[in-house]
Amino acid sequence: MSEVDLTIDSVGVRGDGVAQHDGKPVYVPFTAPGDRVRVRLSPDKDERRGEVVEILAAGERAKPVCRHFGTCGGCALQHLTDETYAAAKLGWLQGALAQHGFKDIEIAPLRRLASGTRRRARLALARDGEAVAGFHGRMSHAIVDMRECHVLHPALVALVAPLRRLAAEILPRRGKASAALTLGDGGVDVLLELSKAPALDGLEALARFAAEQDIARMSWRAGSTVAPVAQRRPVRAIFAGVAVDLPLDAFVQASAEADAVLSGLVLDAIGAPRRIADLYAGVGTFSFALAARAPVHAVEGDAEAAKALGQAASRANVADRVSVERRDLARRPLSADELARFDAIVFDPPRVGALAQSRMLAGSTVPRVVAVSCNPATFARDARILVDGGYTLAHVAPVDSFVWSPHLELVARFERR
Ligand SMILES: C[S@@+](CC[C@H](N)C(=O)[O-])C[C@H]1O[C@@H](n2cnc3c(N)ncnc32)[C@H](O)[C@@H]1O
């Protein structure tokens, strides 16, 4: 394995530092732009990875806030100065846009959100000798036993040690499980994913855990079986004053602050339409806020999410402003004719993007489209389809919903030329 001295010049989309060697990029984890490093090159010629042997001169580095940084897979970017961090995230967006031919797009400064606010997490649990609870390691199946976390909301961090004790109690030797945690308005929702249904003493341990930790709702899932353990309070999210009962393991944005910032950007971008379609609506994060502007037709593929949205609209007496349709938009996107009923569209697809729906939008007459995306690569692909269909990409606002991770959220506005 050969060693070379390299200078890191940028940050790649997974958070690794990038240097040029023999005219090709080499990815070096946990390095920062400006670092001069001695690197052991990976023997795999195609992979172009390097491992730091020695930092010869430090570049734009900051001291990571967490003791687990470097081993835990939760964060990739705690080692950068504030400016370099923001520039790296903006650089990814610019790079993704450039790949699809967008050169001079107006990009707003990165909106920074607070750390310690993440309200959803999937923690891995295992028992092999000692019980462990935490995120998986970076590119590894090993679990990093979490003793602190600066990303998660304190209400979730407080459950890590009790979950570790629970794992010690209920898991067999070499047993594994995971805990999907969601912090709702009434407290934490815990869904334990087990390899098989718990026996009676296991169920008792789960019920005790729920009571001792004052868990709002606790359930377990094994294969296709899902069963409640305790429901002490409703698990809700509040969107524009409307309370939605969250289904188990429902999608919600990363934090309450992310909800507010993204909804604000969507409202800023939407203008003053007469009728809006909110596609990939989830449980209604944007639907209820948008309904204050104009009637909204919310379309969502997940049956439970669509049902929760519809029930919340009825309970809040806004069903005349928010109609709900369950529909798979990948297989059955809204057609150009259906889209013609609206003068503004919001779409917020999962990471794979909205290929089929973007093709339909490209052939539509809708004057304004607002995209929300958690993946700049698929966003840029879909944006190219819209622009080739006659839209202008007028504005892009990146939002740092996932602090220190290699993820980036954005809101973009398209207008028909
Ligand atoms: C990124 S989330 C956005 C949800 C919502 N807009 C929000 O901000 O909370 C994407 C949503 O798309 C839904 N979804 C995924 N694939 C879909 C499909 N093929 N058709 C319709 N909805 C889909 C998911 O269930 C999820 O609710």
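Not measured: the values here are computed from a predicted model.

1. Describing the domain arrangement of the protein chain
For interface size, the figure often reported is the accessible area lost on association.
Stage number 1. According to the domain assignment, the protein chain contains domain 1 (1–61), domain 2 (91–112 + 251–416) and domain 3 (120–184 + 187–233).
Stage number 2. Relative placement of domain 2 and domain 3: their C-alpha centres are 33 Å apart.
Stage number 3. At the interface, 5 residues of domain 2 touch 4 residues of domain 3.
Stage number 4. Of the roughly 320 Å² buried where domain 2 meets domain 3, counting both sides, 66% is carbon and sulfur surface.
Stage number 5. Per-residue buried area on domain 2 facing domain 3 is highest for Phe251, Val252 and Trp404; these three make up 78% of the total on that side.
Stage number 6. Split into classes, the residues belonging to the side of domain 2 that touches domain 3 amount to 5 nonpolar, no polar and no charged.

2. Points about the pairing of strand 19 (residues 368–373)
Stage number 1. By the criterion of burial, strand 19 is predominantly enclosed, with 5 of the 6 residues buried.
Stage number 2. Pairing between strand 18 (residues 344–347) and strand 19: 4 bridges, direction parallel. Each residue of the ladder has a partner; that of Ala344, found in strand 19, is Arg368.
Stage number 3. Crossover connection from strand 18 via helix 9 (residues 355–362) to parallel strand 19: handedness right-handed.
Stage number 4. Bridge analysis of strand 19 against strand 21 (residues 409–416) gives 6 bridges, and the strand direction is antiparallel. Note that in strand 21 the partner of Val369 across the bridge is Phe414.

Criteria and cut-off values
- Residues numbered from 1 in each chain as written.
- Predicted model: local features only at pLDDT ≥ 70, side-chain atom pairs only at ≥ 80, totals over all residues.
- Heavy atoms only, no water.
- Domains from an automatic or database assignment.
- Contact = heavy atoms within 4.5 Å.
- Buried area = accessible area lost by both parts, 1.4 Å probe.
- Nonpolar A, V, L, I, M, F, W, Y, C, P; charged D, E, K, R; others polar.
- Buried < 20%, exposed > 50% of the residue type's maximum accessible area, 1.4 Å probe, protein only.
- Helix = DSSP H or I, 4+ residues; strand = E, 2+ residues; numbered from the N terminus.
- Pairing = 2+ DSSP bridges.
- Right-handed = clockwise from strand over helix to strand, strands pointing away.

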